[in-house]
Structure formats: structure tokens, C-alpha cells
Amino acid sequence: MMKAFVFPGQGSQFPGMCKDLYDAYAEAREMCQAADRLLGFSLTDVMFNGTADDLKETKVTQPAVFLHSVVAQRLMTIEKPDMVAGHSLGEFSALVACGALRFEDALLLVSARAQAMQAACVANPGTMAAVLGLPDEKVVEICESISGVVVAANFNCPGQVVISGEIEAIDATCVAMKEAGARRALKLPVGGAFHSPLMQPAAEDLKAAILKTDFHKPFCPIYQNVTAKAETNPEIIRENLLKQLTAPVRWTQSVQNMIADGADEFYEFGPGDVLKGMIRKINNEVKVG
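The text that follows walks through the structure, step by step, so that each part is easy to find. Keep in mind it's a predicted model, so treat the numbers as computed, not measured.

The next subject is the packing of aromatic side chains. Enumeration over the complete set of coordinates arrives at 5 aromatic pairs. Judged by centre distance (6.2 Å) and plane angle (80°), the rings of Phe5 and Tyr267 are edge-to-face. Pair noted here: Phe5 is in strand β1 (residues 2-7) and Tyr267 is in strand β9 (residues 263-268), with a separation of 262 residues, a long-range link. The same class applies to Phe5 and to Tyr267, which are both buried. Here the aromatic residues Phe5, Phe7, Tyr267 and Phe269 are joined through ring pairs into a cluster of three or more. Positioned above the aromatic ring of Phe41, the side-chain terminus of Lys59 is 5.0 Å from the ring centre. Positioned above the aromatic ring of Phe219, the side-chain terminus of Lys80 is 4.6 Å from the ring centre.

Listed below in C-alpha cells is the structure:
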């Protein structure tokens, strides 16, 4: 039996997240308090007592999801994973889980990523939309036919692709998707065009932080969003992370490759269980816990 640990991204946060772990475990309290000190504000106060709107603030959302995910995984008594992956932001949690990044270094990178993405959203306004019921290839084809910036950003599972780009281009693409037979093409309540060329300023801002951070050889492969392939070389992991903000999240392909390489048990760590549902749609024969 081969175990894969997976970690969710932005959007899985909820008020009160991680408080049950904080109250029950000394190690969780230590990690949460360390995060507050490193970030210079009480992230845990917002996580435990803030509203849903408070948690939507990008500088809070990304560190909060990361912290909850890493704490949850640390507290599990399951033996080490045979492979890991994370969806978008979740890739940073996965890098900690496989030993490629220290918790503290990853938290500071996540914080820098959040602030860089927020600035890019202001500089280059955009949005995203979920497209349901069309093959991946058709979604890509339609995006390429639209004028303006619009790309397939998240290949989540068969029949579910998220597109990203300029607001007018997204509106036009949603109409074209429905005309092509999409079950739904629905704009998402997000503040920017993540995993699209509009995030290039954020990628440039984050580059310096990533380049000065120490990456270590992981004890198991990480399947990265950019390539969907197993990786253990620290410098290639770093390069893929640099590309992640403007490249699509190849989640369907990542899970398929993990299964092809022997994964038959998947465990999701973090707030919510959105990845469990995606994995079941990708392959309903593997165990999802």
C-alpha cells in the first residue's frame, strides 16, 4: 500500500479553523504561536474568531490554510507518505510534509506570495470561472479562440476546469462555453486571475524570496502543479515553484500520475475536504481518507 498526502488551496478556509487542534494539542499551540510571531500579527485570532469576510483577506487566507494544513498533518500518527502533492497554495504545505522546506521558511514564502498576489490583483484586475461538463481539451480550445487574456487555470477533475483572465474575456468565454454544451460556466467570487499571465507581477515579486530560501532534498517525491510529475531535485522543485503563479494547476494529471506510480491511499490534510471529492471523480477505486 502506498500513501499519498494531499493539501488544499485557497477557498477551503472557514471561521474557527484549526481551533479544535489548538485546544487539544500542545504541538499545535506551539506551531500556531510560532506563526503569529513570524508574521508579526495574530493570524490565529483571525482564524479562531474572525468572520468569513475577515478570512477572505488574501494576507490572512493563504497563511491560515497553510498553517491549518501543516498542523493537521504533523499531528497525524500515520507513517510518512510515499508521495505528496498540493493544490496551488497547498503545494507549500506539501513541500513541508516531504521535507523540502522548513515550516518557518514555507510560512514566510506563503505570506510573501499572498501579498504579491494581492498587489498583482490591484495592478491587473481579473477573475475566474468554473466550467463544468466539457472535456479539458475543449475548454483549452475555446479559451484560445477568445480575444483578450483567458486561460485554463485549474484542471481539477474530469469535467471541471477553472478558467482565469481578464473580466471581459472571462464573460465572453463563459458564453462560448455554454454554447459549446457546458453544463455550467459560473464566475467565482475571487479577487483576481490566479494562475494566469496576469499574475506575472506577483511571480516577479515572489522570485527573490524563493531564490534566497533553502530547499532540501525531499524524502519522497512531490508531484508539482506545473508538470504533474514526480520530483525530488531541490533546484527543479524551486524552478517549478517560480512558474506556479502563472501556470495552470494540473491536478487531474497529478493524481493520475500518483496512482500510476502506485498510490492507492490518499489522505487530505487541512480545512475542508474538497480534494477528496476531486480524487474520487478522477479515480473512484482508490481509498480516500
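From this point, things continue past the structure.
Unlike most non-glycine residues, Ser88 shows phi in positive territory, near 60°. Its location among the elements puts Ser88 in the loop between β2 (83-86) and α6 (90-97). In this structure, His195 is a non-glycine residue whose phi angle is positive, near 55°. Relative to the assigned elements, His195 resides in the loop between β6 (184-187) and α10 (200-211).

The rules we used
- In this numbering scheme, every chain counts its residues from 1 along its sequence in written order.
- At least 70 in pLDDT is required for a residue's local features to be given in this predicted model, at least 80 for side-chain atom pairs to be given and counted, and no such filter applies to totals for whole chains, interfaces and linings, which use all residues.
- For side-chain calculations, the full set of non-hydrogen atoms in the structure is used, while hydrogens and water are omitted.
- Two rings belonging to Phe, Tyr or Trp (six-membered ring only in the last case) form a pair when the distance between their centres is within 6.5 Å. Interplanar angles under 30 degrees mark stacking, angles over 60 mark edge-to-face geometry, and anything in between is tilted.
- Helix and strand definitions here come from DSSP, where helices need a minimum of 4 consecutive H or I residues and strands a minimum of 2 consecutive E residues; each element is numbered from the N-terminal end.
- Note on exposure labels: buried denotes an accessible area under 20% of the residue type's maximum, exposed denotes more than 50%, and partly exposed covers the range between, all computed with a 1.4 Å probe on protein chains only.
- Remark: a charge is flagged as sitting over a ring if the NZ atom of Lys or the CZ atom of Arg is within 6 Å of the ring centre and within 35 degrees of the ring normal.

Shape descriptors only; they carry no functional weight alone.
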